[in-house]
Structure formats: C-alpha cells, structure tokens
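Remarks on the overall topology
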Amino acid sequence: MTDPGDSDGKVEISFSVNGQRKTVRAYPMERLLDVLRCRLQLTGAKEGCGEGECGSCAVLMDGLLVNSCLVPVLQAEGSKILTIEGIAEGETLHVLQKAFLEFGGAQCGICTPGMILAALHLLNGHAEPTTEQIQEGLAGNLCRCTGYSQIIEAVAEAAHRRTTS
Amino acid sequence: MRSDPSDYEMLAPGSLRAIVSLLASEPGAWLPIAGGTDVMVQYAAGKLPARQLVSIWNLPELRRIEITDDEIRIGAGCTYTDLRRHEVVGREFPLLTRAARWTGGIANQNRGTLGGNIVNASPAADSLPALLVCDAELILVSARGERRLPYATFHTGYKKTLLALDELIQTVCLPRRFSEYFSHARKVGARNAQAISKVSIAALGRSAAGAVEDVRIALGSVAPVPLRLTETERSLRGKRIDPELMSLARKSVAAEIQPIDDIRSNARYRETVAGNLVIEFLNRLSQEWATTASNTVHAVLARWNRLPVDEAMKAILPCCGSKAWAQGTSALRPLKDQAAVLAVSDEICKTLTHSDWMEAFNSHPRIGESQPSHSPQIHSWQTQSVEWSAQEQGKVSDADADVKRALADANQEYELRFGRTFIVCATGKSAPEILALLRRRLQNDPETEFKEAAEQQRQITRIRLRKWLQG
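Residues numbered from 1 in each chain as written. Chains lettered and ligands numbered in written order. Predicted model: local features only at pLDDT ≥ 70, side-chain atom pairs only at ≥ 80, totals over all residues.

1. Observations concerning the overall build of chain B
Tallying secondary structure elements over chain B gives 20 helices and 14 strands in all. Here the C-alpha atoms of chain B give a radius of gyration of 31 Å, more than 25% beyond the 23 Å that 2.2 N^0.38 yields for 471 residues. Referenced to the eigenvectors of the C-alpha coordinate spread, the extents of chain B come out at roughly 105 × 50 × 45 Å. Here chain B holds 471 residues, and the buried ones make up 42% of them. Within chain B, contacts between residues separated by at least 24 positions form 65% of all contacts whose residues are at least 6 apart in sequence. (Helix = DSSP H or I, 4+ residues; strand = E, 2+ residues; numbered from the N terminus. Rg over C-alpha atoms; globule rule 2.2 N^0.38 Å. Buried ≥ 20, exposed ≤ 12 C-beta atoms within 10 Å, placed from the backbone. Contact = placed C-beta atoms within 7 Å.)

Laid out in structure tokens, this is it:
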C-alpha cells in the first residue's frame, strides 16, 4: 500500500468498488470522488459543493454513507465502496431506482446518485422508515428541482415494496 | 484556489503509538486528520496550512466507548453516528446525542468525530456546550505520556486550545452524575436543517417546588469560545422561578457573554436570543418539575389502586398508623388524585374510635426520640413512619441541650397526666415552639386534649400522604 519513498509522491491503494477489486496509483490526499471519476471512470458520483454540504458525491464506504469529496483516498485503502453504478443488477434497476423514475424523484439528475445512496443507507438501517426518518436520512442531500416531495414518496414506496416483495 | 494533491504528503501508520511518535518527531509539522469533515473543507478551499497529514481515522484505540461505575469514556475518534447509537450515552447524556444528531447530515455524522469537533474549536460547534455543562474531562496523549484536564479549561481563545503540538485528544470522560437532571438544548440558525448556529444552548437543571436547585448552562456562538455561564448559574441557584428571576437571568446573561457581528448574525440579535434561550430553559425546567411531580403521584396511585386490599393497607398504613384508617381508605379505592386521597383520609378520620386513635398515636416516637415509645420492636411498615418522624422533628434535633431537656421533662409530665405520648404536627415547628404547645396542652382536660391530639394526627396524616404520593 503506502510507499512514501516513491519519488512522485503517489502510492498504491487497493479497495473494492462495486464488488470488484481495484488498485490505483494516486496521491494520498486525492479525493475519493476524483479517484472514482477520473481514475476509474465511475462518473455517477457528482461534485456539487465540494465541501460536504450537498451530498451529490455520496457513496457507501464499508456500508456507511460518506461524502466522497471529503475522503482522502488513502483512507479508502482496504475498504468496500459502493457507487450508483453498482446498485442495479445487470439490466434490472434497483427498487429505489425504479421508484425514483415512477414518482418523478429524478429531474436534472445531479443529486440523484447521492440521493439513492443516502436512501439505500437509510433503508439498510430502517426497513420501514417514517416520513421524518426519510427526511432526516436525506437531509444531507440537496435537490434544487423536485422540491423533495417526490423523492420522499419514492423512498417510502421503495421501502414498502422491499418489505412486501 | 483548489489545492493540488501532489503538494501533500499523508501517512496512515495505523496505531496510536506510531502516530504519537510521528507527531513527536516533528512537532507541529504533521496535521492529524480523522473523518476529514473540517480538514478536507479547508483543503478544498486551498486554505490548509499543513502540507503533511497523518490519518487517525478509525483507530481502534480512539474508537472505544467504555463505561465505568462513575464515568463514560468516549474515544476521541468516535463519530457522531457512534454517539447516536450508544445506548448509555443516549440515556445519560441526551444533550450529547442531540448535538450529534444536529451536526451535519448522515454522511458527515458517519465521518465527523467528537475529538475533531473539540480540536476544531469552533465557538459554534454543536457538541461543545453539551460537554461543558456535564463537566467533561479530556485525556490528552503524546509520546511524553498522558495528561488529564477539565474540558472547561481547554479553549483559551478563538480557535486556541491547550493541545500541545505533539498531542492528540485520546478520550473524553463524562462523569455519570447528571442522568437525573432535566436537559434542554436548542439551536437557533438560519433554518432548521444543518445550519451553523447563530446562538445555541445546552443546559441541565434540577428544580423542586418551583425553585432552581441547580442549573448548568452553556451557550455556543456568543463568545470566542463555547461559554459556560458560571456567574448566571450562581445567581439562579436557590431562587424561585418567577418573572423577576427571568429578568435577572436576562441581565446576567448579557453581562457574561461577548457576542460579535459576523456573517451569520449580529451582536444585538445574539444578546437578545441568548437571553430568550436561557429564559425558555428556566420555563421548561419549572414545567418539567410540575409534570414530573404530577406523574409521580399518578404512578404511585395507579399502582396502589391495583393492589390487593391487604397490601394496599400495608402500603398506606405508615401515613397514619391506625389499621382501621388504612382499611377505610383502601376500601374506597380507586382514588384518582391527591385531592381525592386527602379528602378520603379526612372522612375516615371522622369515623375513628378511641382505640383506633390510640393505635395511631402509639406509632409515633416521643418528640425528641427516634422510635415509637410503645413498640418494643419495630415492624417493617414502621420503618417509613420512623423516617418520616425524623423529618418532621428535624428542627427539634437542632435544638440546644436546655430546650431538649425541658422537652423531655414536659413529655414525661404529659405521659403521666394523659397516659400516652404527646402528639403534635411537628413539621416546620422549632423545639421552643413545640415546648410552648406542650406546656399549654398540659392545661387541657382529658377530653379536650384527646380531640386536640386527634386533630394533630389528622394533619400529620395529610402531610405524610403528600410525601407518600411523591414516591
């Protein structure tokens, strides 16, 4: 892993992304967001504010929702990362993705990957969340299009489908 | 300007020992980074002064929560999510759990750490006032060893702390003394969700009968450091919670804080709101006392109403001492509130016979003594009665020796004349007052004196019923 003696300052970092083992050579302070987007071509996670306020770069790291713009990639060494690209199973959309489509939870799409990851993190902890729990679970994810109602409805419906299917 | 990652070095040694020895090797050169929720924001803005970072994220040594008999020791690397999920923290330090819930969204709660919040030293930080009011202590660690200090001394000025260049916060220790306190927190910001506060409060309090027993108040964003209002606390303790106290509180808060004008608010607004927040806390504290008191009565009565009759009698007997009285009151259950209990007691008293009253009288110790004069042995139900007698006669035990001796003599004279212990409702009466009453009542004829003793017993019973209903 870390190799501070290397002349260009880069180190080798390995982690799993969407179930696949990846090794990158990167500067340790590169943001996980940039490594995903620029080195691994996983451009689902978006850069919004770049300071942890908007949630559009959210991914799961070892099952926990994190803002990837605030994670220096060295701290992702050995972890399991899940991005929006790893949510669907082949061509079959995840129940959250379907619900977002059906309920108008996605419009311009910038916030959507982070929203879905935040919603997934919520449902993993609360199989049947109340509206307040959905609001709290998504409070770190800003959307300037939908006004949130459709997103909240989509998450509630996805939870319902997951527990009843 | 965004920072260029190639300008930065970062190490993740993975153990606390290796990290503190790195910090010791070049004090001040290596900036510790935990979840990055502050450091990475500075980095993104090109404002991170350090060029060498050392990761302390997810170190097992810093991520433990230990419970001992007298304190909770929270590793400085515990995240807000760790705090929110911890049952004992939630039960005994709800202020800290609430602050954790208010700090950022879930993604930031998963990464932000308590130690990071302390070291970042923002006067607006949500968790810091909560730590101040519960007398937190910090354990700092370096290659030189550990030291422990009161958190209240840690912040020395705006963004200045006692942390040495080679030190880390290892543990935040919270004494388990405040779980019975009423706790109150409020944050005033531009909006409810995830706003940095304009003014915030964390407070603990205890009150009884509408007066402040103890208060502990800290405010955020009203001074260069998170501020404990020690002067205001002192001026509030022991006082009745009334409009006069509210205006005193407002003045005292204004004198103690040093608010400023900045991008989020201005000094005048902050001063007004700080006063409002403290007043709101005091109002809640007094409401809380009233609610708890009536809830307790409700709980004691609900339980008593359900008991089998013999157990119900046993439970209420110490309030009077007469079995006929206990039987009479228990038979009239269910009783809905304190007023009903007192009314029923008065009614039953009217029906008691001479021997019922004697039984009640004999359950009391002589004034100035601690055990019933006519019981060679203390029955288990009398333990409570003995304790109450001690409280009722509290002022007698403070009396000087001459008065006590005079009381003993008069008691003896009373017993010779009337053939029973002198009964008086002693609550709140001093020894000389009781002595004067006793001497007057020695002049009564036996029938008048019996009625007077019974009336005293009725009053004692009412006072004891109130205590009994308070659990």
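2. Concerning the overall build of chain A
Scanning chain A for helices and strands turns up five helices and five strands. Its helices and strands taken in sequence order, chain A reads β-β-α-β-β-β-α-α-α-α from the N to the C terminus. Dimensions of chain A along its principal axes, counting C-alpha atoms only, are 55 × 30 × 25 Å. By the burial criterion, 48% of the 165 residues in chain A qualify as buried.

3. Topic: the interface of chain B and chain A
Chain B puts 24 residues into the contact, and the matching count from chain A is 26 residues. Here the side of chain B that touches chain A is built from residues that sort into 13 nonpolar, nine polar and two charged. (Nonpolar A, V, L, I, M, F, W, Y, C, P; charged D, E, K, R; others polar.)

4. Things to note about the pairing of strand 3 (residues 52-55) of chain B
Residue and element names in this part refer to chain B. With three bridges joining them, strand 1 (residues 9-11) and strand 3 adopt parallel strand pairing. Considered in strand 3, the bridge of M10 is made with L53. In the sheet, strand 2 (residues 30-33) pairs with strand 3 via four bridges, with the strands oriented parallel. Each residue of the ladder has a partner; that of L31, found in strand 3, is L53. The β-α-β motif built from strand 2, the intervening helix 2 (residues 39-44) and the parallel element strand 3 has right-handed crossover chirality. (Pairing = 2+ DSSP bridges. Right-handed = clockwise from strand over helix to strand, strands pointing away.)

5. A look at the packing of helix 2 (residues 95-103) of chain A against helix 5 (residues 149-164) of chain A
To describe two helices that pack against each other, one gives the angle between their axes and the distance between the axes. All names here are of chain A. Packing of helix 2 against helix 5 brings their axes to within 8 Å, and their N-to-C directions diverge by 135°. Here helix 2 is positioned oblique relative to helix 5, judged by the angle of their axes. For the pair helix 2 and helix 5, the crossing hand works out as right-handed. The residues of helix 5 that touch helix 2, namely those facing V95, L96, A99, F100 and F103, are Q150, E153, A154, E157, A158, R161 and R162. Split into classes, the residues belonging to the contact of helix 2 with helix 5 amount to seven nonpolar, one polar and four charged. (Axes fitted to C-alpha atoms, helices over the stretch in contact; angles between N-to-C directions. Parallel < 35°, antiparallel > 145°, perpendicular 65-115°, else oblique. Left-handed = near helix turned anticlockwise from the far one by under 90°.)

6. Notes on the environment of G36 of chain B
Locating G36 of chain B in the fold gives a position in the loop between strand 2 and helix 2. For the pair G36 of chain B and W388 of chain B, spaced 352 residues apart in the sequence, the C-alpha separation amounts to 59 Å. Those residues in contact with G36 of chain B that lie beyond four places of it in its chain are L70, V71 and P72 of chain A together with R111 of chain B.

7. Looking at the nonpolar core
Note that soluble globular proteins tend to have their nonpolar side chains buried in a common cluster. A119 of chain A together with V133 of chain B are the most contacted members of the largest nonpolar core, which has 138 residues in total. With sequence-adjacent residues up to four places away left out, A119 of chain A is seen in contact with L96, G137, L138 and V155 of chain A. Grouped together as the second largest cluster of nonpolar side chains are 31 residues, C319, I348, C349 and I367 of chain B included. (Core = buried A, V, L, I, M, F, W, Y, C linked by C-beta atoms within 7 Å.)

8. Quick look at the domain arrangement of chain A
Parsing chain A into structural domains produces domain 1 (11-53 + 69-83) and domain 2 (95-164). With centres defined by C-alpha atoms, the gap from domain 1 of chain A to domain 2 of chain A works out at 24 Å. (Domains from an automatic or database assignment.)

9. With respect to the domain arrangement of chain B
Taken domain by domain, chain B holds domain 1 (5-175), domain 2 (183-190 + 197-288) and domain 3 (307-469). Here domain 1 of chain B and domain 3 of chain B have C-alpha centroids that lie 59 Å from each other.

10. Examining helix 1 (residues 32-39) of chain A
Within helix 1 of chain A, burial applies to L32, L33, V35 and L36 of chain A. Looking one or two residues beyond helix 1 of chain A, the residue adopting positive phi is Q41 of chain A, at roughly 55°.

11. Here's the deal with the sheet that holds strand 1 of chain B
Residues and elements named next belong to chain B. Taking strand neighbours across the sheet as the criterion, the three strands line up as 1-3-2 in an open arrangement whose pairing is parallel. The sheet is open, and its two edges are formed by strand 1 and strand 2, each paired on a single side. Along the sheet, successive strands turn relative to each other by an average axial angle of 30°, direction set aside.

12. Remarks on unusual backbone geometry
For the bond from R333 of chain B to P334 of chain B, the omega torsion is -5°, close enough to zero to count as cis. By the secondary structure assignment, P334 of chain B is in the loop between helix 13 (323-331) and helix 14 (338-351). Positive phi, normally seen in glycine, also occurs at D62 of chain A, with a value near 50°. Position of D62 of chain A among the secondary structure elements: in the loop between strand 3 (58-61) and strand 4 (64-67).

13. Notes on the sheet that holds strand 11 (residues 182-188) of chain B
Residue and element names in this part refer to chain B. Across the sheet, four strands lie side by side as 11-12-13-14; this open sheet has antiparallel pairing. Two strands lie at the open edges of the sheet, namely strand 11 and strand 14 (227-228), each paired on one side alone. With seven bridges joining them, strand 11 and strand 12 (residues 199-208) adopt antiparallel strand pairing. The partner of F182 across the bridge, within strand 12, is G205. Sheet contacts for helix 5 (residues 94-102): strand 11 and strand 12; angle to strand 11, the most-contacted strand, approximately 20°. Along the sheet, helix 11 (residues 267-306) contacts strand 11, strand 12 and strand 13 (211-220); its crossing angle with strand 12, the most-contacted strand, is approximately 30°.

14. A word on the confidence of the model for chain B
Per-residue confidence for chain B gives a mean pLDDT of 91; residues scoring 70 or more make up 96%. Here the predicted complex scores 0.76 on pTM and 0.96 on ipTM. (pLDDT = per-residue confidence, 0-100.)

15. Considering the packing of helix 14 of chain B against helix 20 (residues 446-469) of chain B
Residue and element names in this part refer to chain B. Contact geometry for helix 14 and helix 20: axes closest at 10 Å, N-to-C directions at 150°. Relative to helix 20, the element helix 14 is oriented roughly antiparallel. As for the relative orientation of helix 14 and helix 20, their crossing is right-handed in sense. Contacts between helix 14 and helix 20 involve Q338, V341, L342, S345, D346 and C349 from the first element and R458, T461, R462, L465, R466 and L469 from the second. Taken together, the residues of the contact of helix 14 with helix 20 sort by class into five nonpolar, three polar and four charged.

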